[in-house]
Amino acid sequence: MAIFISRLWTQPILITAMLASLVNITGCAKKAEQQEAKPQETTTLNIGFQKYGILPIVKAKGELEKNLAAQGVNVKWVEFPAGPQLLEGLNVGSVSLGEAGEAPPIFAQAANPNLVYVANQPAAPTAEALIVQKDSPIQSVQDLKGKRIALNKGSNVHYLLLKLLEANNLTLNDIQPVYLPPSDARAAFEKGAVDAWVIWDPFLAAAEHQVHARVIANGEHLVSNYQFYLADRKFAENHPEILKTVVQTLNQTTDWVKTYPDDAAKLLEKPTALEFEVLKASISRMGFGVQPISEKVAKEQQYVADAFYAQKLIPKQLVIQDAVLKNDIK
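These lines cover the structure that appears in this document, whether it is placed above or below. Here the structure is a predicted model, which means the values were calculated and not measured.

On to the pairing of strand 5 (residues 128-132), then. Across the five residues of strand 5, five count as buried, placing the element largely inside the fold. Of the pairings in the sheet, the one linking strand 5 to strand 8 (residues 196-200) comprises four bridges and is antiparallel in character. Directly across from Leu 130, in strand 8, lies its bridge partner Val 198. Pairing of strand 5 with strand 9 (residues 214-218) involves four bridges; the strand directions are antiparallel.

Rendered as structure tokens:
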């Protein structure tokens with residue numbers, strides 16, 4: 001009888017314990033399901049780009065999106081007409097990363113200390129030049145004395161013109177600079193309203209192929225003409241792994257462009273509305289490979305900044321190294 005009573009009391013206790021364990025297991029399973037169902041936090045990388053260059057090719061190929069997806073990063077592309085507008089977008093926070101030539105970052109740094117240089121393409125000194133009409137009597141830089149020369153004020157070619165004149169014992173006072181944006185300069189050049197034009201690719205290649213412009217001098221042995229990749233300082237410091245992936249993808253893309261220039265030119269035909277031959281010539285003068293900013297590159301960019309300050313194009317002297325990203329993104 002004692003055994004029977006004991007069993008009557010023991011069975012409910014066992015059942016209760018089993019039910020409690022079942023509830024426990026079910027609760028753990030639900031927690032695990034909830035954790036699995038919780039969406040992964042994502043970061044959005046807003047990239048500013050222009051119609052021509054490496055970034056529109058990266059965009060067209062779509063490989064950066066794939067490379068960043070594993071890091072929970074979405075990529076959004078924002079188009080700008082030129083470098084100054086792109087860096088203004090960086091300044092106001094509409095983009096976190098972008099590409100520009102030598103001059104725009106200098107003006108941007110003067111206005112916004114939150115900009116940082118992330119990486120650069122190698123020097124491309126032949127991708128900018130001083131040109132004249134095919135039948136022009138001008139044969140050398142010395143012949144420019146007293147002549148009207150079109151250029152985009154405060155641009156990379158402004159620095160090229162300064163160096164060309166300096167190398168030939170001339171100054172801006174010896175010529176008549178005519179400050180015009182590329183589209184207006186092209187019109188003035190074709191009409192003969194200016195005697196020469198200092199311009200960069202792909203406008204340079206277009207002038208050579210479409211109106212048979214003649215090169216008097218390019219930047220070789222005078223300027224570097226780097227292409228820079230720049231970022232918002234806070235974003236760059238908080239997301240070094242994202243920037244590392246971006247630089248690696250840029251490197252892979254420049255390798256692809258160097259190996260398949262015809263395919264790259266075809267990719268750029270639609271966005272630029274330029275002819276295949278113009279784009280192919282322009283691509284051949286690019287600098288291939290993307291690397292973090294070296295001391296040498298920063299020093300050469302400092303020369304540009306100092307020259308612009310001497311010409312009163314910027315209000316204060318800059319220290320380029322202050323704007324170079326310190327994180328290791330190799």
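Here the focus is the pattern of salt bridges. Under the counting rule described, the total for this entry stands at eight salt bridges. A salt bridge links Asp 201 to Arg 285; its shortest N-O distance comes to 2.8 Å. Taken together, the residues span a long stretch of sequence, with Asp 201 in the loop between strand 8 and helix 8 (203-210) and Arg 285 in the loop between helix 12 (276-283) and strand 11 (291-292) at a distance of 84 residues. Take Asp 201 and Arg 285: they sit in the same class, and that class is buried.

This part takes up the environment of Ser 96. Structurally, Ser 96 is set in the loop between helix 4 (83-92) and strand 3 (97-100). Every residue in contact with Ser 96, bar those within four places of it in the chain, is listed here: Leu 45, Asn 46, Leu 90, Leu 230, Ala 231, Asp 232 and Phe 235.

Before going further, it helps to examine the layout of surface pockets. In this structure, the second largest pocket encloses a volume near 170 Å³. In terms of lining residues, the second largest pocket is bounded by Tyr 159, Leu 162, Lys 163, Leu 165, Glu 166, Leu 170, Thr 171, Leu 172, Tyr 303, Ala 307, Ala 310 and Gln 311. For the lining of the second largest pocket, the secondary-structure elements that each account for two or more residues are helix 6 (156-167) and helix 13 (295-310). Ranked by the residues each element gives to the lining of the second largest pocket, the list is headed by helix 6, at five residues. Its residues assigned to classes, the lining of the second largest pocket shows eight nonpolar, two polar and two charged.

So, about the sheet that holds strand 1 (residues 43-49). Hydrogen bonds between backbone groups are what pair the strands of a sheet, and the pairing can be parallel or antiparallel. Spatial ordering of the open sheet is given by 2-1-3-10-4-11, a layout of six strands whose pairing is mixed. The open sheet has two edge strands, strand 2 (73-79) and strand 11, and neither has a second partner. Alignment of strand 4 (residues 115-121) against strand 11, held across two bridges, turns out to be antiparallel. Among the inter-strand pairings, Ala 119 is bridged to a residue of strand 11, identified as Pro 292. In the packing of helix 2 (residues 54-61) onto the sheet, contacts are made with strand 1, strand 2, strand 3, strand 4 and strand 10 (227-232), and the angle to strand 1 comes to roughly 130°. Along the sheet face, helix 5 (residues 103-111) touches strand 3, strand 4 and strand 10 and points at about 165° away from the line of strand 4.

A few words on the sheet that holds strand 9. Across the sheet, five strands lie side by side as 7-6-8-5-9; this open sheet has mixed pairing. Single-partner strands in this sheet number two, and they are strand 7 (176-179) and strand 9. The average angle at which neighbouring strand axes cross in this sheet is 30°, direction not considered. Bridge count for strand 6 (residues 148-151) against strand 8 is two bridges, and the pairing is parallel. Residue Ala 150 lies in a different strand from strand 8, and its bridge partner there is Trp 197. Its contacts with the sheet put helix 8 on strand 5, strand 8 and strand 9, and the angle it makes with strand 8 is roughly 130°.

Right, let's get into helix 10 (residues 240-259). For helix 10, spanning 20 residues, the distance from its first C-alpha to its last is 29 Å, which sits close to the expected 28 Å at 1.5 Å a residue. If you check which residues of helix 10 are buried, you get Ile 242, Leu 243, Thr 245, Val 246, Val 247, Thr 249, Leu 250, Asn 251, Thr 253, Thr 254 and Val 257.

It is worth spelling out the side chain of Gln 301 at this point. Note on placement: Gln 301 falls in helix 13. Overall, the relative accessible area of 1% leaves Gln 301 in the buried class. Residues contacting Gln 301, with those up to four places away along its chain left out, are Glu 102, Pro 105, Ile 106, Tyr 117, Phe 228 and Ile 320.

Here the focus is the packing of aromatic side chains. Evaluation of the coordinates by the stated rule reveals seven aromatic pairs. Taken together, a centroid distance of 5.8 Å and an interplanar angle of 90° make the contact between Phe 49 and Trp 77 edge-to-face. Placement of Phe 49 in strand 1 and of Trp 77 in strand 2 is noted, with a sequence separation of 28 residues between them. Between Tyr 117 and Phe 228 the ring centres are 5.1 Å apart and the planes differ by 80°, which places this aromatic pair in the edge-to-face class. Pair noted here: Tyr 117 is in strand 4 and Phe 228 is in strand 10, with a separation of 111 residues, a long-range link. Overall, the relative accessible area of 1% leaves Tyr 117 in the buried class. Residue class for Phe 228 comes out buried when judged on its relative accessible area of 0%. Among the aromatic residues, those joined into a cluster by ring pairs are Tyr 117, Tyr 226 and Phe 228. Over the face of the ring belonging to Trp 256 we find Lys 61, whose NZ or CZ atom lies 3.9 Å from the ring centre. Directly above the ring of Tyr 179 sits Lys 153, whose terminal nitrogen or CZ lies 5.1 Å from the centroid.

Cut-offs and rules
Residues numbered from 1 in each chain as written. Predicted model: local features only at pLDDT ≥ 70, side-chain atom pairs only at ≥ 80, totals over all residues. Heavy atoms only, no water. Buried < 20%, exposed > 50% of the residue type's maximum accessible area, 1.4 Å probe, protein only. Helix = DSSP H or I, 4+ residues; strand = E, 2+ residues; numbered from the N terminus. Pairing = 2+ DSSP bridges. Salt bridge = Lys/Arg side-chain N within 4 Å of Asp/Glu carboxyl O. Contact = heavy atoms within 4.5 Å. 1 Å grid on protein atoms, 1.4 Å probe; cavity = no way out; pocket = protein on both sides within 12 Å on 5 of 7 lines; lining within 4 Å. Points joined across faces, edges and corners; volume = space filled by probe spheres on them. Nonpolar A, V, L, I, M, F, W, Y, C, P; charged D, E, K, R; others polar. Axes fitted to C-alpha atoms, helices over the stretch in contact; angles between N-to-C directions. Expected span 1.5 Å × (residues − 1). Phe/Tyr/Trp six-rings, centres within 6.5 Å; stacked < 30°, edge-to-face > 60°. Lys NZ or Arg CZ within 6 Å of the ring centre and 35° of its normal.

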